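Remarks on the overall topology
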Amino acid sequence: MMMQLGKMRVFAAMVVVGATGVGSAQAGHLCQKCGSGHVVGVAPACETGPALVPQWQTSYRTVTDTVYDRVPETRMVTRYRTEYKTEQVPVTRMIPEQVPVTQTLTRYRTEYKTEQIPVQRPICETVTVPRTYTVNVPRTEQVPQQVVRTVYETQNTTQKVQQPYTVTETVNDTVQQPRYSTVMTNQVRTSYVPRTVNEQVPVNIARRVVEERGGYQTQNVPIYGQVAAAAPAKCGHGHASKTCVTCAVVGYQSQTVFVSNPVCTTVNETQYVNKCRTEMVPVQTTVQVPECKVDYVSVTVPRQVCRTLTREIEVPVTRQVPRQVSETVQVSRTTFVPEQRTDQVQTTQTRYVTETITRQVPVCVPEQYQVTRYVTRCRPVTETITRQVPVCVPEQVPVTTTRCVARQVSRQVAVNTCVMVPATYAAAPAVAPSSQVAPSSQN
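Bear in mind the structure is a predicted one, so any value in this text is a computation, not a measurement.

This paragraph deals with the packing of aromatic side chains. All chains considered together, the criterion is met by 1 aromatic pair. A ring pair is formed by Tyr-216 and Phe-258, whose centres lie 5.0 Å apart and whose planes are at 65 degrees; its orientation type is edge-to-face. Of this pair, Tyr-216 sits in strand 2 (residues 215–230) while Phe-258 is found in strand 3 (residues 243–259), placing the two residues 42 residues apart along the sequence. Taking relative accessible area as the criterion, Tyr-216 reaches 63% and is therefore assigned exposed. Classification of Phe-258 as partly exposed rests on a relative accessible area of 40%. Over the aromatic face of Tyr-374 sits the side chain of Arg-208, whose NZ or CZ is 5.6 Å from the ring centroid. In this structure, Arg-311 is placed above the aromatic ring of Tyr-165, and the distance from its NZ or CZ to the ring centre is 4.7 Å.

Written out as structure tokens, the structure reads:
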């Protein structure tokens, strides 16, 4: 800007100096008012009007700019976190126990009963029976018959045939081919980790105890001794004499004897058993999961296309032309004549004879008896266990975000403007006319 201003000032000075020099050279005298030279017969510049000179003026203008400031903003966000709450849960557990049950059952006893039943018994007899049957007897005779046969004759001709042939052309096809790319994305996975909890569990155990409830009783005990008795020539003991010594009861003696009476009872005992319980605890982990992204790209693929064309060619053709020929031939014809014939045939005939037989018939007789057996029955027992239950707890969390806020800023800008102003000249002193060019009043 300053360079342009300097150039315009130099140009204006040159114009003024040139005009003054030319006027002085042509006219040879100066104006008495403004001191500038002018041509003879032309009015000086001070009489026609002031001379305009370019001048740069600096003015200030107010400009409004929009400035964006980053302002932090804090707001409350509700987030949920997982807490584990301990609670008591009643659990019903089935305990098996042995219970005696008496049942009345029916069983069947087989007895045999004698009964008389009639039975049909077959008796086979051989009897001679006449049989009549029909027989077809063949008879052959010669019969003249008109026979027509076909005779083929060969004929060679030429025939025009359409022959196809294949032409291959290349065609460019635009197809969409998939382009695969793998992008790693974050994925939150929840896995369950086993945690072992040891606890004391009461267990009822049924224990069988045998208690002796026997006592002493007075019983008659037999006394054995040897007794001589008459025996046969040879007894069973191997004695060959007429007497045999045998072991027999000779008397009874009262004696106190202990009689055992075991009684079996069931005693319930409660024992605490260490029970290991495994519970699953959820754990969240963030993993990088590859995700396959498919983009379709247009690809030009050359393809060979086959086109079938047809051309006409001559082909030699050989044909067999049929011709009918009739002639008489002797033919043998066989006919069957039916004849009736009778002969004697031995036939077995069956007749039934009724007989009465005795047999043993099984009969089922029911009997009632009682059976005592132990049956396993389950008794419910309610227990209280402690477990961890996940609970979602909401909480307010401050979150700071940055947003852009626009504001207006005013500033002063210097503007240079070129303005034409009248030139100011200094008054020149009066001099004698001379042929030399007067120097310019402005340097």
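From this point on, the discussion continues.
This next bit is on the side chain of Arg-277. Locating Arg-277 in the fold gives a position in strand 4 (residues 262–422). For Arg-277, the side chain forms a polar contact with the side chain of Glu-279, separated by 3.4 Å. In this structure the side chain of Arg-277 is engaged in a polar contact, spanning 3.0 Å, whose partner is the backbone oxygen of Thr-386. Discounting chain neighbours no more than four positions away, the residues touching Arg-277 are Arg-195, Thr-196, Val-197, Glu-199 and Thr-386.

Tracing the sequence through the fold places Glu-279 in strand 4. Here the side chain of Glu-279 touches Arg-195 through a polar contact of 2.5 Å, side chain to side chain. Beyond its immediate sequence surroundings of up to four residues, Glu-279 is in contact with Val-193, Pro-194, Arg-195, Val-197 and Gln-388.

Pairs can form between side chains of opposite charge whenever their charged atoms are close. In the structure shown here, the tally under the stated rule is 26 salt bridges. A salt bridge links Arg-307 to Glu-169, with the shortest nitrogen-to-oxygen separation between them at 3.1 Å. Within this pair, whereas Arg-307 is found in strand 4, its partner Glu-169 is found in strand 1 (residues 52–212), the two being separated by 138 residues in sequence. In this structure Glu-169 comes out as partly exposed when scored by relative accessible area, which is 33%.

So, how was this worked out
Residues numbered from 1 in each chain as written. Predicted model: local features only at pLDDT ≥ 70, side-chain atom pairs only at ≥ 80, totals over all residues. Heavy atoms only, no water. Phe/Tyr/Trp six-rings, centres within 6.5 Å; stacked < 30°, edge-to-face > 60°. Helix = DSSP H or I, 4+ residues; strand = E, 2+ residues; numbered from the N terminus. Buried < 20%, exposed > 50% of the residue type's maximum accessible area, 1.4 Å probe, protein only. Lys NZ or Arg CZ within 6 Å of the ring centre and 35° of its normal. Polar contact = N/O pair within 3.5 Å; in protein donor to acceptor, adjacent residues only side chain to side chain. Contact = heavy atoms within 4.5 Å. Salt bridge = Lys/Arg side-chain N within 4 Å of Asp/Glu carboxyl O.

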